[in-house]
Amino acid sequence: MAEVREHASQDSAWIVVHGHIYDCSAYLKDHPGGTDSVLINAGADCTEEFDVIHSDMAKALLAAYCIGELVAAGDGSDSPNTAVICRSPPPAPVALSNPREKVPFRLVGRKELSRNVRLLHFALPAPGQVHL
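In this text the structure is predicted, and so the values were computed from the model without any measurement.

Draft legend 1. Layout of the nonpolar core. Core analysis: the largest hydrophobic core is formed by 12 residues, namely Ala-13, Ile-15, Val-17, Tyr-22, Cys-24, Leu-28, Val-38, Ala-42, Cys-46, Phe-50, Leu-62 and Cys-66. With residues near it in sequence (within four places) discarded, Leu-28 still touches Gln-10, Ala-13, Gly-34, Thr-35, Val-38 and Leu-39. By size, the runner-up hydrophobic cluster in this structure holds 7 residues, among which are Met-1, Val-16, Ile-67 and Leu-70.

This is how it looks when you write it as C-alpha cells:
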C-alpha cells in the first residue's frame, strides 16, 4: 500500500477497490461527482465507499482503469497492508464514437425467447476489449 499512498494527487490518483488498483487520473475531469470526490479517496482502499455509492454501470467502467492488484508480499505477514503491485495492462476499450462507422461483431450465441423475440449475444471485435 505504500506505493498506492504515493498516488494521492490530481496528477496521479490511484484507488484500491476489492484488492485491485485503479489509476483514476485520466477520469478525474469526467467524474460526475467532480474531481474532489475521487481525490478524497486517492491513495487509499475505498472499497466500502465505492460499493455503497456506485451503480453496476460505474463498477463496470472502473475496469478500464485497472493497473494491477494487491498481493501478499511473501514475507510471512498476513497483514492486508503488506502488499506489492503486480501491474497488468488495462483492457482495451471498444471505441464506438462514430455512429456511421460499421464495426463487425461475431455472433456467439442465439436464444429464442418467444415466437418473434431472439436474444443475440455478440463477441467484441478483438480479444482483451471490454465494453463500458
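Now that the structure has been shown, we can carry on.
Draft legend 2. View of the environment of His-31. Here His-31 shows up in the loop between strand S2 (20-23) and helix H2 (35-39). The contact partners of His-31, leaving out residues within four places of it in the chain, are Ser-37, Val-38 and His-54. Engagement of the side chain of His-31 in a polar contact is seen with the backbone nitrogen of Gly-33, the distance being 2.9 Å.

Draft legend 3. Just the layout of surface pockets, in detail. In this model, the largest pocket occupies a volume close to 400 Å³. Tyr-27, His-31, Val-38, Phe-50 and His-54 are, among the 18 residues lining the largest pocket, the residues nearest its centre. Contributing elements (two or more residues each) for the lining of the largest pocket: H2, helix H3 (47-53) and helix H4 (56-62). When grouped by side-chain class, the residues that make up the lining of the largest pocket number 13 nonpolar, 4 polar and 1 charged.

Draft legend 4. Highlighting a nonpolar patch on the surface. Residues Phe-105, Leu-107, Leu-120, Phe-122 and Leu-124 make up a contiguous nonpolar surface patch of about 410 Å² in total accessible area. If you trace the backbone, Leu-120 turns up in strand S8 (residues 117-123).

Draft legend 5. Examining the pairing of strand S7 (residues 106-114) more closely. With 7 bridges connecting them, S7 and S8 associate as antiparallel partners. Each residue of the ladder has a partner; that of Leu-107, found in S8, is Phe-122. Here S7 folds back onto S8, and the loop between the two strands holds 2 residues.

Draft legend 6. Quick look at the packing of aromatic side chains. Counted by the stated rule, this structure contains 1 aromatic pair. Ring centres 5.6 Å apart and planes at 50° place the aromatic pair Tyr-27 and Tyr-65 in the tilted group. You can see Tyr-27 sitting in the loop between S2 and H2 and its partner Tyr-65 sitting in the loop between H4 and strand S4 (66-72), a full 38 residues away along the chain. In this structure Tyr-65 comes out as partly exposed when scored by relative accessible area, which is 21%.

Draft legend 7. Geometry of the side chain of Ser-12. Within the secondary structure, Ser-12 sits in the loop between helix H1 (2-5) and strand S1 (14-17). On the basis of relative accessible area, Ser-12 is assigned to the buried category, the value being 17%. Within polar-contact distance, the side chain of Ser-12 engages the side chain of His-7 at 2.5 Å. Ignoring sequence-local partners within four residues, the contact set of Ser-12 consists of His-7 and Ser-25.

Parameters at a glance
- Residues numbered from 1 in each chain as written.
- Predicted model: local features only at pLDDT ≥ 70, side-chain atom pairs only at ≥ 80, totals over all residues.
- Heavy atoms only, no water.
- Core = buried A, V, L, I, M, F, W, Y, C linked by side-chain atoms within 4.5 Å.
- Buried < 20%, exposed > 50% of the residue type's maximum accessible area, 1.4 Å probe, protein only.
- Contact = heavy atoms within 4.5 Å.
- Helix = DSSP H or I, 4+ residues; strand = E, 2+ residues; numbered from the N terminus.
- Polar contact = N/O pair within 3.5 Å; in protein donor to acceptor, adjacent residues only side chain to side chain.
- 1 Å grid on protein atoms, 1.4 Å probe; cavity = no way out; pocket = protein on both sides within 12 Å on 5 of 7 lines; lining within 4 Å.
- Points joined across faces, edges and corners; volume = space filled by probe spheres on them.
- Nonpolar A, V, L, I, M, F, W, Y, C, P; charged D, E, K, R; others polar.
- Patch = residues over 30% accessible without salt bridge, like charges linked within 9 Å, V, L, I, M, F, W, Y side chains within 5 Å.
- Areas by Shrake-Rupley, 256 points an atom, 1.4 Å probe, with all protein chains shown as cover.
- Salt bridge = Lys/Arg side-chain N within 4 Å of Asp/Glu carboxyl O.
- Pairing = 2+ DSSP bridges.
- Phe/Tyr/Trp six-rings, centres within 6.5 Å; stacked < 30°, edge-to-face > 60°.

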